[in-house]
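Coordinate analysis (summary)
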Amino acid sequence: MRGISLAEIEEILERDYRTAQRVITALGERFPELEKVKDEETGKARWKLPYKAVAPLLTPTAEELAALTLAEEILGKGAGIDQVEALRCLHAKILALIPGDRSRRIEADEEALLMALGHAARPGPRQVGRENVDVAISTALKGPSLLQVRYRGWKDSVARNRTLAPHGLLLGARRYLVAIDLGKVGGGLQHFRVDAIEDATVLPKSFVKKEGFDLDEHAERCFGSYQQESGVHDVVWRFAPKAVARAEGFLFHPTQTTEQDTDGSLIVRFRAAGLLEMCWHLYMWGDTVEVLSPPQLAAMVKDHRRSDFSSMP
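By convention here, each chain's residues receive numbers from 1 onward along its written sequence. Where local features are concerned, this predicted model is filtered to residues with pLDDT of at least 70; where side-chain atom pairs are given and counted, the filter is 80 or more; whole-chain, interface and lining totals use all residues. Only hydrogens and water are set aside; all other atoms, that is, all heavy atoms of the structure, feed into the side-chain values.

**A few points about the packing of aromatic side chains**
Our working rule: Each Phe, Tyr or Trp ring (for Trp, its six-membered ring) is paired with any other whose centre lies within 6.5 Å, and the angle between the two planes then decides the class: stacked below 30 degrees, edge-to-face above 60, tilted in between. Here the term buried applies to any residue with accessible area under 20% of the maximum for its type, exposed to any over 50%, and partly exposed to those in between, with areas from a 1.4 Å probe on protein chains only. Runs of H or I in DSSP of at least four residues are treated as helices and runs of E of at least two as strands, each being numbered from the N terminus. Here, over-ring charges are defined by two tests on the NZ atom of lysine or the CZ atom of arginine: distance to the ring centre within 6 Å, and angle to the ring normal within 35 degrees.
Under the counting rule described, the total for this entry stands at 12 aromatic pairs. Judged by centre distance (6.4 Å) and plane angle (75°), the rings of Trp237 and Phe239 are edge-to-face. Residue Phe239 is classed as buried on the basis of its relative accessible area of 0%. Both rings, one in Phe250 and one in Trp285, keep their centres 5.4 Å apart while their planes meet at 70°; by these two values the pair is edge-to-face. Of this pair, Phe250 sits in the loop between helix H9 (244–247) and strand E9 (257–260) while Trp285 sits in the loop between helix H10 (275–283) and strand E11 (289–293), and the two are 35 residues apart along the sequence. Through pairs of rings, three or more aromatic residues link up here, namely Phe223, Trp237, Phe239, Phe250, Phe252, Phe270 and Trp285. Sitting over the ring of Phe31, Arg30 keeps its end group 4.7 Å from the ring centre.

Next up, the structure:
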């Protein structure tokens, strides 16, 4: 039995019985199609609205569909092929449910919005995925099931077979599969570059995820999605006064805190792993940023701070 009762309206709105009655009266005035039916189990009255009465209210706007199209494109530069295809199918299904005349108008408005947003002019390199690998990873994560992969790390001359227990997927400039390599002693979580997985097969065997594992918490430990080191560091950066306006527009890490120094510079602090990926980002700032901590990171960037960049990120 679908529909809603007066008691449920009271509970949802946290109001009294009389208010629930006024809501039903107002609904009946707005929607003449409102039906009163008898609940077969309780014998009490319930009210139902036919789908066709509310369908016009559920029609998406051009802005909403444009946002969905942009999400498809953004995912296309970071997520797997299967996720992108799922969004495209959803987009097509939504359009198919809209009456023809309205659908054509909405599509025209959506196209105009996308042109204005410059969706077709997003330069920049991106990785090309393998559909069979993406589908295998997605299937294994839903299991969760063990995953047999042929993986070629950056130090490997040829790809090697590995059996992984996948725990999650990190999206960023590169995609990384967070997994436990069952062939390694210790069973710790590692990051495997998805683009370095040459083949993947879902095994007919499930597993229990590491106790207490939370993907959001795990990701928060990392700077970006790459993590070469196992240690987490207390990171402190100082941005020169001329770079402060730009630096204030960045969220370098979810846990960051900032403070203004007496000379006008900006101090950014956070705790994370992934020193190499920090180096990749810091290089773009040239000599406008100084690493105060940790000393390992300061040593890594020391000889790569330039003063000839014409612009900052």
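**Thoughts on a nonpolar patch on the surface**
Worth spelling out the cut-off: Patches here: salt-bridge-free residues with over 30% relative accessible area, like charges joined within 9 Å, nonpolar side chains (Val, Leu, Ile, Met, Phe, Trp, Tyr) joined within 5 Å. All accessible-area figures derive from a Shrake-Rupley calculation using a 1.4 Å probe, and residue coverage is judged against the displayed protein chains alone. The term salt bridge refers to a side-chain nitrogen of Lys or Arg lying within 4 Å of a carboxyl oxygen of Asp or Glu.
A grouping of Tyr51, Leu57 and Leu58 is seen on the molecular surface, where their side chains present a nonpolar patch of about 370 Å² in accessible area. By the secondary structure assignment, Leu58 is in the loop between helix H3 (51–54) and helix H4 (62–76).

**Things to note about the sheet that holds strand E8 (residues 233–239)**
Test applied: When DSSP finds at least two bridges between two strands, those strands are taken to pair. Simply put, an axis is a line fit to the C-alpha atoms, just over the touching stretch for a helix, and the angle between two N-to-C directions goes from 0 to 180 degrees. Should any heavy atoms of two residues lie within 4.5 Å, those residues are considered in contact.
One open sheet holds the 4 strands; their spatial order is E9-E10-E8-E11, and the pairing between them is antiparallel. Bordering the open sheet on either side are E9 and E11, each of which pairs with just one other strand. The sheet shows a mean angle of 25° between the axes of neighbouring strands, taken without regard to direction. Contacts from H10 reach E8, strand E10 (266–272) and E11 within the one sheet, and its direction differs from that of E8 by about 10°.

**What to know about the environment of Glu290**
Along the polypeptide, Glu290 turns up in strand E11. A relative accessible area of 35% means that Glu290 is categorised as partly exposed. Along the sequence, Glu290 and Lys184 sit 106 residues apart, while their C-alpha atoms lie 38 Å from each other. Excluding anything up to four places from it in sequence, Glu290 contacts Val236, Trp237, Arg238 and Arg305.

**Describing the pattern of salt bridges**
Applying the stated criterion across every chain yields a total of 15 salt bridges. Across the salt bridge formed by Arg162 and Asp156, the nearest N and O atoms sit 3.8 Å from each other. The partner of Asp261 in a salt bridge is Arg238, with the nearest N and O atoms 3.7 Å apart. Of the two residues, Asp261 sits in the loop between E9 and E10 while Arg238 sits in strand E8, which places them 23 residues apart along the sequence. Its relative accessible area of 27% is what places Asp261 among the partly exposed residues. With a relative accessible area of 25%, Arg238 lands in the partly exposed category.

**Structural notes on the pairing of E8**
Burial within E8 is extensive, with 5 of its 7 residues counted as buried. By the bridge criterion, 7 bridges tie E8 to E10 in an arrangement that is antiparallel. Looking across to E10, one finds that Val236 is bridged to Arg269. When E8 meets E11, the two strands line up antiparallel, connected through 4 bridges.

**A look at the nonpolar core**
Just so we agree on the cut-off: What is meant by a nonpolar core is a set of buried Ala, Val, Leu, Ile, Met, Phe, Trp, Tyr and Cys residues, joined one to another through side-chain atoms within 4.5 Å.
The biggest cluster of nonpolar side chains holds 21 residues, and the ones touching the most others in it are Trp237, Phe239, Phe252, Phe270, Met278 and Leu297. Looking at this core, the elements that each hand over two or more residues are E8, H9, E10, H10, E11 and helix H11 (295–301). Not counting residues within four places of it along the chain, the set of residues in contact with Met278 comprises Phe223, Val235, Trp237, Phe270, Ala272, Ala273 and Leu297. In terms of nonpolar packing, the next biggest core, distinct from the first, is built from 16 residues, Ala140, Val149, Leu164 and Phe192 among them.

**Thoughts on the sheet that holds strand E7 (residues 197–206)**
Taking strand neighbours across the sheet as the criterion, the 5 strands line up as E6-E5-E4-E3-E7 in an open arrangement whose pairing is antiparallel. The open sheet has two edge strands, strand E6 (189–193) and E7, and neither has a second partner. For this sheet the average axis-to-axis angle between neighbouring strands, irrespective of direction, equals 45°. Pairing of strand E5 (residues 176–181) with E6 involves 5 bridges; the strand directions are antiparallel. Each residue of the ladder has a partner; that of Ala179, found in E6, is Gln190. On top of the sheet, helix H7 (residues 131–142) reaches strand E3 (145–151), strand E4 (160–170), E5 and E7; it is set at about 25° to E7, its chief contact.

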